[in-house]
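What follows is the residue order along each chain.
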Amino acid sequence: MNRRDFMKTAGVVSMMPSIALSEEYYSPAYASSFPMSIMQGSKEASSGELQVIAGQIPPDLYGHVFVAEGIPLEENHLTPNGKGALTRVDFGSDQITFTRKMIETPSAIMQDHVDGWFDSFYLLGGTVYYSPNLGFMNYCNTAPNYMGDNRFALSYEGGIPFEFDATTLELVTPIGHINEWETSLPPIADFFTPDKWLFPQVRTTGHPFFDLEKGECFTINYGGNAGTTGTSSGFIRVIQWDLDGPLKAWNIKHRDGSNAFIVATSHSLGVTRNHILIFETAARVENTRVIGTHTVTPQEHKTAVWIIRKSDLVEGHDDVVADRIVLDFDTSDIMCNYDDHAGEVTLFGQYLGAMDKSEPQFNFEKLFFGGRVPEPLSGYPVAPVDVGGLVRARIQVTAEGAREIKDDFHVIRDESLMWDMNDPAYRGHFQFPESFDHIYWAAIGYRPEHLVRRVAKAYENYPNRLFTNDTLPQEAIPSALIHMDCRQMQVSDEYVFPEDCVMRTPQFMSRRESTDQDDGYIFAAVVRKIPSHADSNGKEYWIFDAKDLAKGPLCILSNPNLNFATTNHALWTPSIGPRPGYAYRSDVAQYFRDKMPSHSRDVKQILENHILPRFG
């Protein structure tokens, strides 16, 4: 068996310096190598030249990288789900510059200006902001996407996606009229929803699929249930958009005629030449969080998948039949080969194991190894309760149904590398190749001082654990950048970061005139407790040779005014230009004007002075 298929070595862990753990309350000065500055990000626009603080810039580095991020606004606010910001890094022949702006959706603009008890937004369960009079927050900070023709989009699992202008970083229009999206609230909650709400609760995927060759987009809209409650009213709508006209939508049905529904979330969407795959992914916000409980409902070591044949999406029909199968692993980011010859679909994703990416640390709650969560750290995701991994799975789709090809399932796990498996990076990001040869993965790492007792207890009996609660490491395991050879299903290269680093958001950058999936560079956002140079504030971008990660970063870039928080997904594109003036726009202004008479003078003024001038 390959050494990475359940490796049991603890040598790397044992050489790490021990973290001082105490039964007392942790302060920001406790002996942890974790960079607390990841909890803070500037809310002001900034720009400047990135300085090379280590190494040398490769001469053939070019194009533009967009990085989305979340900034927590108060204690317990889940950091990746925080107030959105978008940074563009421009790689020129003589200099590298950055431009960073806040993602100003209409709801985010309203939150910045509104006052009053019933108009203000309140944090529910650490994950979503809610206003009794206005509705739900949409920070639109999950992932930037390229649509073709100098059009770009931002996506968000808890709200409608938006298009933005790549040259200005300003949002231009929501994708779809607001009324084209169904509310995700259960019917009983929707019954009590005020008609005057400006910002309905809409759930969709974090990764809509833009097919550049066909000029179309596939995404989803789901809800109607709260977890396993009210599943008879739950729904999933698959949406097809031609990037210009109204959205086309179909309700997904099982073969027995019942509604399909999602219990947790659907972070990822898979699209092949002939099929659409909708995944129920491992992030669950418990129903009782809205009333202040911290109850944990553990994941179930499974990923449900609905498989739809594109040929069944018939215009004029309301419904489409999907086959549902259940894969025997938890995942969040999962992709597929675009080639589905003979009905065979090949999937590549993380093996998350015993963790939930939506679970924040709550202020002053008990930690597993003693002590309590300090307020400045509250909202940062909890540490995983087991090592993760990487998987390949295959599905056979026929006219009569679908099944997993179980003999082709493969999992890689490595106790020294694969803790908190996170974002993937690959050539043609968010547009899938015919066949994946190479994928690069971020492993954020493991911090024993981030493991809370309630989560460790909830996952105590989770299947296939390599570590039990009694054997979990009490030393930090750093972030790692991992090169996965998809053909051999093995790790072919890796780089382990210094312990004081948190690395997130890797992004593949192609070399000019190259076609190979490993011919280029890997861009990574890094936050350090001990900056790489006296001129760095610890917020840095590291550039790697995609064919030689182990060599370490070719160069490290920083600027004292670059101050990002927890980064999410990124996008690389070789060139940018202004968004075409003739391109699609949704008439969101009329939607807001129709509801204005029902609102306070304060809300009306904010709409007139700050929102309608941008989206009118």
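Everything below is about the structure printed above this text.
So, here is what we can say about the structure in this document. (Residues numbered from 1 in each chain as written. Predicted model: local features only at pLDDT ≥ 70, side-chain atom pairs only at ≥ 80, totals over all residues. Heavy atoms only, no water.)

**Quick word on the pattern of salt bridges**
What counts here: In what follows, salt bridge is the name for a side-chain nitrogen of Lys or Arg lying within 4 Å of a carboxyl oxygen of Asp or Glu. Here a strand is any run of E in DSSP of at least two residues, a helix any run of H or I of at least four, and the numbering for each starts at the N terminus. Think of it in three bands: residues with accessible area under 20% of the maximum for their type are buried, residues over 50% are exposed, and the middle band is partly exposed, with areas taken using a 1.4 Å probe on protein chains only.
Per the stated rule, a full pass over the model turns up 26 salt bridges. Lys101 is the salt-bridge partner of Glu170, the closest N and O atoms lying 3.3 Å from each other. Note that Glu170 is positioned in the loop between β12 (162-164) and β13 (171-174) and Lys101 in strand β6 (residues 96-102), a separation of 69 residues in sequence. When its relative accessible area of 31% is taken as the criterion, Glu170 is described as partly exposed. Lys101 gets classed as partly exposed once you look at its relative accessible area, which sits at 24%. Through salt bridges with shared partners, a single network forms among Asp60, Arg511, Asp519 and Asp545.

**Thoughts on the environment of Gln490**
Mapped onto the elements, Gln490 comes out in strand β31 (residues 490-496). With a relative accessible area of 29%, Gln490 lands in the partly exposed category. Residues Gln490 and Ile412, 78 residues apart in the sequence, show an inter-C-alpha distance of 7.0 Å.

**Focus: helix α5 (residues 588-595)**
Inclusion rule: Working note: the arc is built from the helix axis to C-beta atom directions.
Among the residues of α5, those classed as buried are Val588, Ala589, Tyr591, Phe592 and Lys595. Buried residues in α5, looked at end-on, bunch into an arc of 160°, giving them a common side.

**Observations concerning unusual backbone geometry**
Notably, Asn464 is not glycine yet its phi reads approximately 65°, a positive angle. Even without a glycine there, the phi angle at Thr505 is positive, about 60°. Thr505 sits in the buried class, given a relative accessible area of 0%.

**Considering the sheet that holds strand β9 (residues 135-136)**
Each strand in a sheet pairs with its neighbour through backbone hydrogen bonds, running either in the same direction (parallel) or in the opposite one (antiparallel). Which entries qualify depends on this criterion: In this scheme, strands are said to pair when DSSP sees at least two bridges between them.
Reading across from one edge, β7-β8-β9 is the order of the three strands in this open sheet, with antiparallel pairing throughout. Where the open sheet ends on each side, the last strands, each with one partner, are β7 (122-124) and β9. Sheet topology note: the β7/strand β8 (residues 128-131) ladder contains three bridges and is antiparallel. The residue of β8 that forms the bridge with Leu123 is Tyr129.

**A short note on the state of the cysteines**
Just so we agree on the cut-off: The definition used for a disulfide is geometric: two cysteine sulfur atoms within 2.5 Å.
Under the counting rule described, the total for this entry stands at zero disulfides. Considering cysteine sulfurs only, Cys217 is the nearest to Cys140, which forms no disulfide, with 13 Å between them. Of all cysteine sulfurs in the structure, the one in Cys336 sits closest to Cys486, which takes part in no disulfide; the separation is 12 Å.

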